[in-house]
Structure formats: C-alpha cells, structure tokens
Amino acid sequence: MAVHYICSECGTRYSPYDFPYICSCGGMLDLDDFHREFSMDSIIRDEWSLFRYLGVLPFDEGSILWKDVSMGEGLTPLIPLDGNYPNILVKVDYMMPTLSFKDRGAAVLIAKAKEFGAKKVVQDSSGNAGNSIAAYANRVGIDCDIYVPEGTSPKKIDMIQSHGANVHIVPGTREDTANAALKAVEKGDTFYASHVYNPYFYEGTKTYVYEIFEQLHGNMVDTLVIPVGNGTLLLGAYYGLKELLKFGLIKKLPKIIGVQAEGCSPIYNAFRAGRDYVEEVINTGTMAEGIAIAAPKRGNQILKAIRDTHGDIIIAPEDSILKAQRELARRGLYVEITTGATFAAFFEYMKAHDDLGKVVLPLCGAGLKSSK
Ligand SMILES: Cc1ncc(COP(=O)(O)O)c(C=O)c1O
Ligand SMILES: [Zn+2]
C-alpha cells in the first residue's frame, strides 16, 4: 500500500515512489488518509513488537515486508515512577533495539523505504534517530549516510558506525547538519529517511499510545508529558490519540504537555506568545542534546496538537537537568541526559498543578548513550 503524501499547506499529493521529501510550495508532507482498524481484539497477540498493531499501520493486509525489518521494537514496560507517586507512570522506551524510542519510527519508515525500492538512505539527527535508521537500514541491506552535529555524544557516533553507516560530522549548529543532509539528498536519487520530514516515521511513533492503551486494558491516562525537539513522539502520540478518539475507544484527548530545555525553547516561546507558528531561536547551549532544535520544521503542527488537547508546554531549567537524571538513576532508571530535562521540568510544574490525574512520561534514551 503506497499511501500518498499530501502537502500540509496546499494539499498537493505525491507518490512516495518518487522519493519527494517536501512539497514544491515548501510545505511539509503528511500522510494521506488510509483505512485503519483497531480494537482490543484486533491486536495480533503473538506478534511481540509494535507490528501487533498492524491494523493501524500503513501496510497492506498480508504484507510481510516489515518482518525482515523488525527487531522486536516496542512493547516497552509501563511502570510506576516509584511507590511515592502511584499516579505517575513511566514508559521505559529506552528498552528498544537501539536504546531509544526512535526505533518505533525507524522500523516503520525503513520497511516503507525498502518497499519503495530505496538502495540508499540519508538522514540527519542529534544521534538517536541516526542510530536507529542506521541499524534498521543496514539490517535490510540499504546503504546509509548519517549526518550529525559536532559535539554529538561519541557513543552515539560509535554506534552509528558499528551498524555500518557512513557518519558525517558537521561543524556548526543542528540546522547546519540538516542543511548538509539536504544537499546530499538533492544531489542524487537517495531516499531522505528523515524522522522530521517523512510522515511514515510518525506512524511508528504513534504506537506509543496504542501500547499505553493496551497496557491499561483499554484505558488512557489524563496527561502525557512528552519532550519535544522536532516533535516526532509528540505528534505521533497525538495522531494515535486522535485515532483512538475516532474509533470511540477514548472519550476525550488526554492533555499533552510538551517539554523543552531552557537553552533552546522555540516552541515554548511561540506557545507563551500565543503564536500559531514558531520562530527560530539561537540555541544558547543546553545539556539536553536530543531536544536542541532551534527551528522545528513542524512547529505549527506541534503547537496545534498541544492546544487541541488543552495541554501546555514547559521548560527545564538547565541547572536542574543533571540532578533530575541522577534522581532517576537512584530509582533504577539510567536515562540519557535529555530525559533528565523531561523530569526536571515536570517536577517543577507539578508543584503548581495538582489536577493532572494519571500521568505518563517517557524514558526516551538510555543513559549509556550520553555521559557527564
Ligand atoms: C533522548 C531523546 N529524547 C527526546 C527527543 C525528542 O524527540 P523529537 O526531536 O522528535 O521531538 C530525542 C530526539 O532525538 C531524543 O534523542
Ligand atoms: Zn504544498
């Protein structure tokens, strides 16, 4: 099933077989609607990966293409933060083949890239998405070039290379890295396996909420707190929730609370200013490399999603990020520094908000990938 891409600005449709990554008008591409089916009974119970929700994923019935790609990603534990906070659950999304939640999106995206006949993919990332795309692409024999900004954690770079990808370390900002990757894409007929641009990635990240729904026996929590750089988990979660609402399986959308870091918070600024678009900021330096995105391409969609859920956006003070990471480690949860930011911001917010109900926060990346 080649679901068409559709421009989020002008509605022009494109075939994925032509490898477009952006509309000629400059608009970001979304995925056109396709038939989805889901109930607790439609879950494929003996498929131990996110492909157990095949009925809501963009694959033809009977398609087995994803089987060569899948490494058992998804199905991550949903556990209480600790005994003191029974209403705060954490989803241990670093328990994935490449140790971050990005495997959700990469598994689906690379299965589609294979279907479209891609021989080579290019991607740029702060590290985790690059790890993930490199692992999945090489697993199915697709060559892979990954662009990362200088200063990316050496362990992430080692891991990308170990999977067999070519790593390009780009001086300058995260945006300079994205531009270098785009130049490479525009040179030849490579598939831009971008977690930011390619809408298939969000079909994978939406399984985050399907899993929560299944793990809570057909219920949803009141609040989802989600770190946001480019918004791949936040938008994926939002799309999944909208689907659950459409199926009549939840009565209302839970609040989505986005988290940014003090040193780089363009979406927070736009939200607080009441704007419906995001202006680029200067990254003044942040401990949270995974969410250090100064110019998020889908900023307007992220703002819209948060507002649609009556949610909020909060920032982590830089000087509290490492402390929060250590506090999680004391609870047995060794996360990467960026995830410390999610908790630093949330614990501050919680002091002034006692109406959040049952909350889920993701542990997006493993501590062994970044160090301080
Ligand atoms: C550990 C970690 N947390 C959160 C994020 C944020 O994801 P996104 O940029 O898709 O919003 C990333 C992205 O790389 C990450 O690596
Ligand atoms: Zn367009």
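Residues numbered from 1 in each chain as written. Chains lettered and ligands numbered in written order. Predicted model: local features only at pLDDT ≥ 70, side-chain atom pairs only at ≥ 80, totals over all residues. Heavy atoms only, no water.

Caption draft 1: Expanded view of the packing of helix α11 (residues 321–330) against helix α12 (residues 337–352). One can describe the packing of α11 onto α12 by two numbers: an axis separation of 7 Å at closest approach and a directional angle of 95 degrees. If you check the angle between α11 and α12, you find them roughly perpendicular. Two secondary-structure elements touch here, α11 through Ile 321, Leu 322, Ala 324, Gln 325 and Leu 328 and α12 through Ile 337, Thr 339, Gly 340, Ala 341, Phe 343 and Ala 344. Grouping the amino acids of the contact of α11 with α12 by side-chain chemistry returns eight nonpolar, three polar and no charged. (Axes fitted to C-alpha atoms, helices over the stretch in contact; angles between N-to-C directions. Helix = DSSP H or I, 4+ residues; strand = E, 2+ residues; numbered from the N terminus. Parallel < 35°, antiparallel > 145°, perpendicular 65-115°, else oblique. Contact = heavy atoms within 4.5 Å. Nonpolar A, V, L, I, M, F, W, Y, C, P; charged D, E, K, R; others polar.)

Caption draft 2: Representation of the sheet that holds strand β4 (residues 78–80). Ordered by their spatial adjacency, six strands build an open sheet running β4-β5-β13-β10-β11-β12, and the pairing between neighbours is mixed. Either end of the sheet is taken by a strand with one partner, and the two such strands are β4 and β12 (312–316). Across this sheet, the average inter-strand angle for adjacent strands is 25 degrees, counted without regard to direction. Across five bridges, the pairing between strand β11 (residues 255–261) and β12 is parallel. (Pairing = 2+ DSSP bridges.)

Caption draft 3: Structural detail: the site of ligand 1. Around ligand 1 sit 16 residues, and of these Asn 128, Gly 229, Asn 230, Gly 231 and Thr 232 come closest. One of the side-chain N or O atoms of Thr 232 is found 2.5 Å from an oxygen atom in ligand 1. At 3.4 Å from an oxygen atom of ligand 1 is found a main-chain nitrogen or oxygen belonging to Gly 290. Notes on ligand 1: free accessible area 390 Å², of which the protein chains cover 98%. Under a 2 Å grid-point criterion requiring more than half of the atoms, the pocket assigned to ligand 1 is the largest cavity. Considered class by class, the residues forming the shell around ligand 1 number five nonpolar, nine polar and two charged. (Near = heavy atom within 4 Å. Polar contact = N/O pair within 3.5 Å; in protein donor to acceptor, adjacent residues only side chain to side chain. Areas by Shrake-Rupley, 256 points an atom, 1.4 Å probe, with all protein chains shown as cover. 1 Å grid on protein atoms, 1.4 Å probe; cavity = no way out; pocket = protein on both sides within 12 Å on 5 of 7 lines; lining within 4 Å. Sits in = over half its atoms within 2 Å of the grid points.)

Caption draft 4: Spotlight on the nonpolar core. Ranked by internal contacts, the top residues of the largest apolar core, which has 83 residues, are Phe 51, Ile 110, Val 121, Ile 133, Phe 191 and Met 220. Apart from residues lying up to four places away in sequence, Ile 133 is in contact with Ala 106, Leu 109, Ile 110, Val 121, Gln 123, Cys 144, Ile 146 and Ala 193. With 32 residues, the next largest nonpolar core counts Val 90, Val 92, Ile 321 and Phe 347 among its residues. (Core = buried A, V, L, I, M, F, W, Y, C linked by side-chain atoms within 4.5 Å. Buried < 20%, exposed > 50% of the residue type's maximum accessible area, 1.4 Å probe, protein only.)

Caption draft 5: Up close: the sheet that holds strand β1 (residues 5–7). Read from one edge of the open sheet, three strands run β2-β1-β3, paired in antiparallel fashion. Because the sheet does not close on itself, it has two edges, and the strands there are β2 (13–14) and β3 (29–31). The pairing of β1 with β2 spans two bridges and is antiparallel. Within β2, the position partnered with Tyr 5 by the bridge is Tyr 14.

Caption draft 6: Examining the pairing of strand β13 (residues 359–362) more closely. Because side chains alternate across β13, one face comprises the buried residues Val 359 and Leu 361, and the other comprises Val 360 and Pro 362, equally buried. Here strand β10 (residues 223–227) pairs with β13 via two bridges, running parallel. Along β13, the bridge assignment pairs Leu 224 with Val 360.

Caption draft 7: Quick look at the layout of surface pockets. By volume, the largest pocket is sized at about 710 Å³. In this structure, the largest pocket is lined by 27 residues; those nearest its centre are Asp 30, Leu 31, Tyr 238, Tyr 239 and Lys 242. Those elements that place two or more of their residues in the lining of the largest pocket are β3, α6 (200–205), α8 (232–246) and α10 (299–308). A breakdown of the residues in the lining of the largest pocket according to their chemical character gives ten nonpolar, four polar and 13 charged. If you go around the second largest pocket, you meet 26 residues; those closest to its centre are Gly 151, Asn 283, Thr 286, Glu 289 and Ala 292. Those elements that provide at least two residues to the lining of the second largest pocket are α5 (174–187) and α12. Residue classes in the lining of the second largest pocket are distributed as seven nonpolar, twelve polar and seven charged. (Points joined across faces, edges and corners; volume = space filled by probe spheres on them.)

Caption draft 8: Region of the structure containing the pairing of β10. Within β10, five of the five residues are buried, which leaves it mostly tucked inside the rest of the structure. When β10 meets β11, the two strands line up parallel, connected through five bridges. Paired with Pro 227 across the strands is Val 259, a residue of β11.

Interpretation note: all reported values are geometric properties and have no functional meaning in isolation.
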